[in-house]
Amino acid sequence: MTKFISKMVDIGFGTLFLIATIIALAGSYLILNNIFGFAAISMVLIVGSALLICYLLHRAEKCLKTRDKLCVRIIYILPIVLLIFQILFVLLVDYTPRNDLSHVCKGAENFVKYGIDSIHNGLPERHQHYFYVYPNNHMLLMIISGLYKISYELTGEVSNFLPTVLNIVSLNLAYIFMIASARLIYDPAKTVICAIRGLMFVPIITYAHIFYTDSFGMLFVSLGIYLYLKFRKECNFKKQILWLVSCGSVIAVGYKMKGSLIVLLAAIIIDVIIHKSSIKAKLAKIATLVTVFSVIVLLVSMTIMSVFDFSKEELEKYQFPMIHWVMMTADKHGGYNVDDFYYTKSFDGTQSKTDADIKRLEEKLRNQGVSGFGKHIVIKAWYTWSDGRYMSSYYYKDSKFLNSKAFYVIAGALHFALMFLILQSFIAKWRKRTISIDKNMFLKICLCGLFVFLLLWEARNRYCISFMALFAMIQSDPEESYEQKRG
């Protein structure tokens, strides 16, 4: 079973990821050509720089192989370097919340100042039932409301200072737990490379201002991975269950913040299934994980409903069903579609919306046909993976640098270097008969799940941000764990 899954992931998904990388490169060329011009020269710079970065990281790993103490020092220094860059970025670049974040901020301010009945005041007309339509933002609303309440009580004003501070702390903790996770799998040299790759993930700096679910979700993914790897390292069954309870709880809270964390839960379940143990033990572990996840999700939902006293009748009337996002993104580039928004909004009640969305989804698939849907999937993959800026230039419209060709090239080089390094981890296995250790295979399964999820769900490359740990940690040739090598 393990060998079969390993081959499926390394060869099957590795091939898909290779195709996606080629599509992303082509998409990046089109973006450059449409926005900046001189696309060929820019792409040479991006690809050349990305390959150079890969080579330099390879050389750095070789130089660090026998220098464990130096590696440990670097590991402790890099989070401080990250924090300095984030603080400088926040001080030098202006940011005003946009789109969904601005709606959540306005709702939180209304709630703190005027109460729940005024929560939708000042929102656009089409979003006068925003927090009933999108309950997925309730967790963020509760956090921002709490921080606004503190600010309001202390200063008499509502400020984004505390949410920004919390966001930076969250990003740094995500980075630290990513490094801690890498130390459970790799030797010190490879761990340093993971830490450097984490710094190469552009949103970990450019999203310092943007205290939305994407950046907050990063902590829950990194911590969830760390707790699961601690579970994988533990031999005592009772202690394994404790690690699973902790892991399930973290993923559950993270899921209420960012729905895409369901991918992490699915990857863990698959990894438990393929790992060597008795069927009874597997069932016990999966049952524990799923039960804890479900209970915590329910408790968090109940807490949110209690804090905001949202009307269940209003939720039933206005809430969009999950099928809406599958339907909305089943054609064109797979992103937000205002026509589909108004279409779903026009129906009252969850069941009516669900039935209408299923009908519209069937129409879209029928109208496209097989070839049309195939083209849509290619465009959706391009839209998701091609832009190394991760929408930062969209959110910082007043920043000349973040909207410049220079930043596009720099961000693109770092992004495709990470893509190439991940791709290398798959290709390196194609000519070998040995299989990767379970811990590293789990990361690949998680990436595979994210890839599939983003082909089915709304396609925006910012949805990858929460999964920074995968971009940083997936490396080639980890046949043995560090403990096995040292042993």
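Scoring rules and cut-offs
All residue numbers refer to position in the chain's written sequence, counted from 1. Where local features are concerned, this predicted model is filtered to residues with pLDDT of at least 70; where side-chain atom pairs are given and counted, the filter is 80 or more; whole-chain, interface and lining totals use all residues. Side-chain metrics in this entry use all non-hydrogen atoms of the structure; hydrogen atoms and water are not considered. Only DSSP runs of H or I covering at least 4 residues are called helices, and only runs of E covering at least 2 are called strands; the numbering of each starts at the N terminus. The globule rule used here is 2.2 Å times the number of residues to the 0.38 power, and the radius of gyration it is set against is calculated over C-alpha atoms. Residue exposure (1.4 Å probe, protein chains only): buried if accessible area is under 20% of the type maximum, exposed if over 50%, otherwise partly exposed. In this description, contact between two residues means that some pair of their heavy atoms is separated by no more than 4.5 Å. Using a 1.4 Å probe, the Shrake-Rupley method yields the accessible areas, and only the shown protein chains count as cover for residues. Only four residue types enter the tally: Lys and Arg on the positive side, Asp and Glu on the negative side, with His and both chain ends excluded. One atom stands in for each charge, and that atom is NZ of Lys, CZ of Arg, CG of Asp or CD of Glu. Comment: axis = line fitted to C-alpha atoms, over the contacting stretch for helices; angle = value between 0 and 180 degrees taken between N-to-C directions. Gly is put with the polar residues, along with every residue not named as nonpolar or charged; the nonpolar set is Ala, Val, Leu, Ile, Met, Phe, Trp, Tyr, Cys and Pro, and the charged set is Asp, Glu, Lys and Arg. Each patch is assembled from residues with relative accessible area greater than 30% and no salt bridge, linking like charges that lie within 9 Å and nonpolar side chains (Val, Leu, Ile, Met, Phe, Trp, Tyr) that lie within 5 Å. The salt bridge definition used is simple: a Lys or Arg side-chain nitrogen within 4 Å of an Asp or Glu carboxyl oxygen. Each C-beta atom gives one direction from the helix axis, and the arc is the one those directions make. Residues adjacent in sequence count toward polar contacts only when both atoms are side-chain atoms; beyond that, a polar contact is any pair of N or O atoms within 3.5 Å, and within protein one must be able to donate a hydrogen and the other to accept it. A cavity here means a set of points on a 1 Å grid, drawn over the protein atoms and nothing else, where a 1.4 Å probe fits but cannot get out; a pocket is an open set with protein on both sides within 12 Å along at least five of seven lines, and a residue lines either one if it has an atom within 4 Å of a point. Grid points are joined across faces, edges and corners, and a volume is the space filled by probe spheres set on the points. Throughout, the term roughly parallel applies to angles under 35 degrees, roughly antiparallel to angles over 145, roughly perpendicular to angles from 65 to 115, and oblique to all others. When the near helix sits turned anticlockwise from the far one by under a right angle, the crossing is termed left-handed; a clockwise turn instead gives a right-handed crossing.

### Concerning the overall build of the chain
Within the chain, the regular secondary structure consists of 22 helices and zero strands. The C-alpha atoms of the chain give a radius of gyration of 23 Å, which matches the 23 Å a tight globule of 487 residues would have. A principal-axis box enclosing the C-alpha atoms of the chain has dimensions of 65 × 60 × 55 Å. Looking at the chain as a whole, 54% of its 487 residues qualify as buried. In the chain, the proportion of contacts linking residues at least 24 apart, taken out of those at least 6 apart, comes to 79%. Only carbon and sulfur atoms are counted for the fraction: they give 65% of the accessible area of the chain, which is about 21700 Å². Positive and negative side-chain charges in the chain, numbering 52 and 34 respectively, have mean positions lying 11 Å apart.

### Some words on the packing of helix H16 (residues 338–345) against helix H17 (residues 350–385)
Where H16 contacts H17, the two axes come as close as 9 Å, and the packing angle between them is 140 degrees. Note on element contacts: H17 touches H16 through Lys353, Ala356, Asp357, Arg360 and Lys364, opposite Asp339, Asp340, Tyr343, Thr344 and Lys345. Residue classes in the contact of H16 with H17 are distributed as two nonpolar, one polar and seven charged.

### Structural notes on a nonpolar patch on the surface
Among the surface-exposed residues, Ile80, Leu83, Ile84, Ile87, Leu88, Leu91 and Leu92 lie close enough to one another that they form a single nonpolar patch of about 700 Å² accessible area. With respect to the helices and strands, the residue Ile84 is situated in helix H3 (residues 68–92).

### Some words on H16
Of the positions making up H16, those classed as buried are Asp340, Phe341, Tyr343 and Thr344. Burial along H16 is one-sided: seen end-on, the buried residues are contained in an arc of 165 degrees. In the core, the buried residues of H16 are packed alongside helix H15 (323–328) and H17. Two or three places before Asp339, at the start of H16, stands the capping residue Asn337, its side-chain oxygen 2.9 Å from that residue's backbone nitrogen.

### Topic: empty space enclosed by the protein
All told, the structure shown has two cavities of 30 Å³ or more when counted by the stated rule. For the largest cavity, the full set of lining residues is Tyr95, Arg98, Asn99, Asp100, Leu101, Tyr207, Ile210, Tyr212, Asp214, Tyr395 and Arg462. When its residues are assigned to classes, the lining of the largest cavity shows six nonpolar, one polar and four charged.

### Quick look at unusual backbone geometry
In this structure, Lys332 takes a positive phi of about 55 degrees despite not being glycine. A relative accessible area of 55% places Lys332 in the exposed class. The backbone phi angle of Met391 is positive, close to 70 degrees, even though this residue is not glycine.

### Overview of the pattern of salt bridges
Going through the model one piece at a time under the given rule, you end up with 13 salt bridges. The partner of Lys364 in a salt bridge is Asp331, and the shortest N-O contact between them spans 3.2 Å. Of this pair, Lys364 sits in helix H17 while Asp331 sits in the loop between H15 and H16, and the two are 33 residues apart along the sequence. By relative accessible area, which is 9% here, Lys364 ends up buried. We note a salt bridge from Arg389 to Asp387, for which the minimum N-O separation is 2.8 Å. Looking at Arg389, the relative accessible area reads 7%, which means it is buried.

### Here's the deal with the side chain of Ser466
Tracing the backbone through its elements, the reader meets Ser466 in the loop between helix H20 (438–456) and helix H21 (468–473). On the accessibility criterion, Ser466 (0% relative accessible area) is buried. Discounting chain neighbours no more than four positions away, the residues touching Ser466 are Thr213, Asp214, Gly217, Met218, Val221 and Lys258.

### Some words on the packing of helix H2 (residues 39–64) against helix H19 (residues 405–430)
Close contact between H2 and H19 brings their axes to 8 Å; oriented N to C, the two are set at 45 degrees. As the angle between them shows, H2 and H19 are arranged oblique. Judged by the twist between their axes, the crossing of H2 over H19 is right-handed. Contacts from Ser42, Leu45, Ile46, Val47, Ser49, Ala50, Leu51, Ile53, Cys54 and Leu57 in H2 reach Lys405, Tyr408, Val409, Gly412, Ala413, Leu414, Phe416, Ala417, Phe420 and Leu421 in H19. Of the residues contributing to the contact of H2 with H19, the split by class is 16 nonpolar, three polar and one charged.

### Brief notes about the environment of Gly369
With respect to the helices and strands, the residue Gly369 is situated in helix H17. When the C-alpha atoms of Gly369 and Val47 are compared, they prove to be 35 Å apart, with 322 residues separating the residues in sequence.

### Considering the side chain of Lys256
Relative to the elements of secondary structure, Lys256 occurs in helix H11 (residues 237–257). Among buried charged residues, Lys256 stands out as having no salt bridge; its nearest opposite-charge side chain is Glu316, 15 Å away. Engagement of the side chain of Lys256 in a polar contact is seen with the side chain of Ser301, the distance being 3.0 Å. Those residues within four positions of Lys256 in sequence are excluded, and the remaining contacts are Asn136, Met139, Val297, Val300, Ser301 and Ile304.

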